[in-house]
Amino acid sequence: MGNKLAIIILDGMSYSILDSVFKLDWMPYLKLLSEEGTNLQMQSDIPLTGSAWAAMVTGLKPFKSGFNASRSIKKDYSICKRTISTKTVWNILNDNGKKTGIFNAPNINPIQEIDGFLVCGKGAPSKERNFTYPHEIKDMLFQIWEGKENYKIDINKLKYRENVPGLIAQVINVNKKNVESSVNLIEKYDPDLFMGFFTETDKLFHVVYNYITESATHDIQKSLKSLFGVLDNNIKKIFESFDNSVDKIIISDHGFGKLDYRFNLEQWLVDNNYMQI
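Computed from a prediction, not measured in an experiment: that's the story for all the values here.

### So, the pattern of salt bridges
Right, so step 1: Applying the stated criterion to the full structure yields 7 salt bridges.
Right, so step 2: Among the ionic pairs, lysine 203 bridges to aspartate 154, the shortest N-O distance being 3.6 Å. Residue lysine 203 is located in helix α7 (residues 200–213), and its partner aspartate 154 is located in the loop between α5 (137–144) and α6 (164–189); the two are separated by 49 residues in the primary sequence.
Right, so step 3: For lysine 203, a relative accessible area of 7% translates into the label buried.
Right, so step 4: As a salt-bridge pair, lysine 203 and aspartate 202 come within 3.7 Å of each other at their nearest N and O atoms. Across the pair, aspartate 202 and lysine 203 agree in class, each one buried.
Right, so step 5: Taken together, the shared-partner salt bridges in this structure form one network comprising Lys4, Asp190 and Asp192.

### Some words on the packing of α7 against helix α8 (residues 218–240)
Right, so step 1: Axis separation between α7 and α8 bottoms out at 12 Å; the angle between their running directions is 140°. The angle between the axes of α7 and α8 places the two elements in the oblique class. The two elements α7 and α8 cross, and the hand of that crossing is left-handed. From α7, Thr201, Leu204, Phe205, Val208, Tyr211 and Ile212 reach across to α8, where they touch Ile220, Gln221, Leu224, Leu227, Phe228 and Leu231.
Right, so step 2: A per-class count over the contact of α7 with α8 returns 10 nonpolar, 2 polar and no charged.

### Focus: the sheet that holds strand β2 (residues 100–105)
Right, so step 1: Ordered by their spatial adjacency, 6 strands build an open sheet running β4-β3-β2-β5-β1-β6, and the pairing between neighbours is mixed. Taken across any chain shown, the strands that pair with only one partner, and hence form the sheet edges, are β4 (132–133) and β6 (247–251).
Right, so step 2: Pairing geometry for β2 and strand β5 (residues 193–198), over 4 bridges, is parallel. Looking at the pairing, isoleucine 102 lines up with methionine 195 of β5.

Definitions and cut-offs
- Here the residue numbers are simple positions, counted from 1 along each chain's written sequence.
- Selection of residues for local features in this predicted model requires a pLDDT of at least 70, selection of side-chain atom pairs for listing and counting requires 80 or more, and totals for whole chains, interfaces and linings are taken over all residues.
- As a rule here, side-chain values cover all heavy atoms of the structure and leave hydrogens and water aside.
- Salt bridges are defined by distance alone: a side-chain nitrogen of Lys or Arg within 4 Å of a carboxyl oxygen of Asp or Glu.
- Where helices and strands are cited, they refer to DSSP runs of H or I of at least four residues and of E of at least two residues respectively, numbered from the N terminus.
- Residue exposure (1.4 Å probe, protein chains only): buried if accessible area is under 20% of the type maximum, exposed if over 50%, otherwise partly exposed.
- Simply put, an axis is a line fit to the C-alpha atoms, just over the touching stretch for a helix, and the angle between two N-to-C directions goes from 0 to 180 degrees.
- The scheme is simple: roughly parallel for angles under 35 degrees, roughly antiparallel for over 145, roughly perpendicular for 65 to 115, oblique for anything else.
- Crossings are classed by handedness, with left-handed meaning an anticlockwise turn of the near helix from the far one by less than a right angle and right-handed meaning a clockwise turn.
- Here, two residues are considered to be in contact whenever any of their heavy atoms come within 4.5 Å of each other.
- Amino acids outside the nonpolar list (Ala, Val, Leu, Ile, Met, Phe, Trp, Tyr, Cys, Pro) and the charged list (Asp, Glu, Lys, Arg) are all regarded as polar, and Gly is one of them.
- Only strands joined by at least two bridges in the DSSP assignment are considered to pair.

Coordinates in, geometry out; function isn't part of it.
Next comes the structure, spelled out in structure tokens:
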């Protein structure tokens, strides 16, 4: 094993997607890593980003980590915490003299002071406040994004449900900016552990999952091929910002699948006279 470890988290990536992408040869670098490495299908206790991320970085099951999901409640009907308060893997490594670099970490609020760097993601303090440590990192991020007003923590997938080309363009742009930021931070701080959380894949799959695993028009197929090529190259850029001895892990917080229908329980209860509003 190498002395350093780089972990890339691709939000919502699943084997159903990877099988299709590898068959089409859209991500040759990731396919090569998969063929040369070890593949394992895991299970999310609660397949939501917040709870899965908390379990991933604390080693504890949901509720035990002090966080489950912003829309969930405990069995005694008290609302779960929305930020991680338990000791994380980067805290433990820092305690043992290792430097860590965490990029786009969800549900860390307020910002933590760590040995290395930390950029908070979803659920972070506002970009008007300190969402990075060291605090001056945010100035570098705003420069890469060409202004604070352009900086995006997340993509609004609802905005693009009827605009697949627009969503693909947004995912490419956000991923390029996030990878450029990650590489700059890795080269500056030289962490022993890097964890980068890339949520743009999840926003993509919410809209284009069926196009990847089933069929799509020629134009959409062409755009998706270009997009996955960008994602593949950017994964390679992050790993190559370390020396050859770095160990590599690519992981997802949860999988994805086809949605055939939705069932509105409240509407069903009203329609069948079990509830009145």
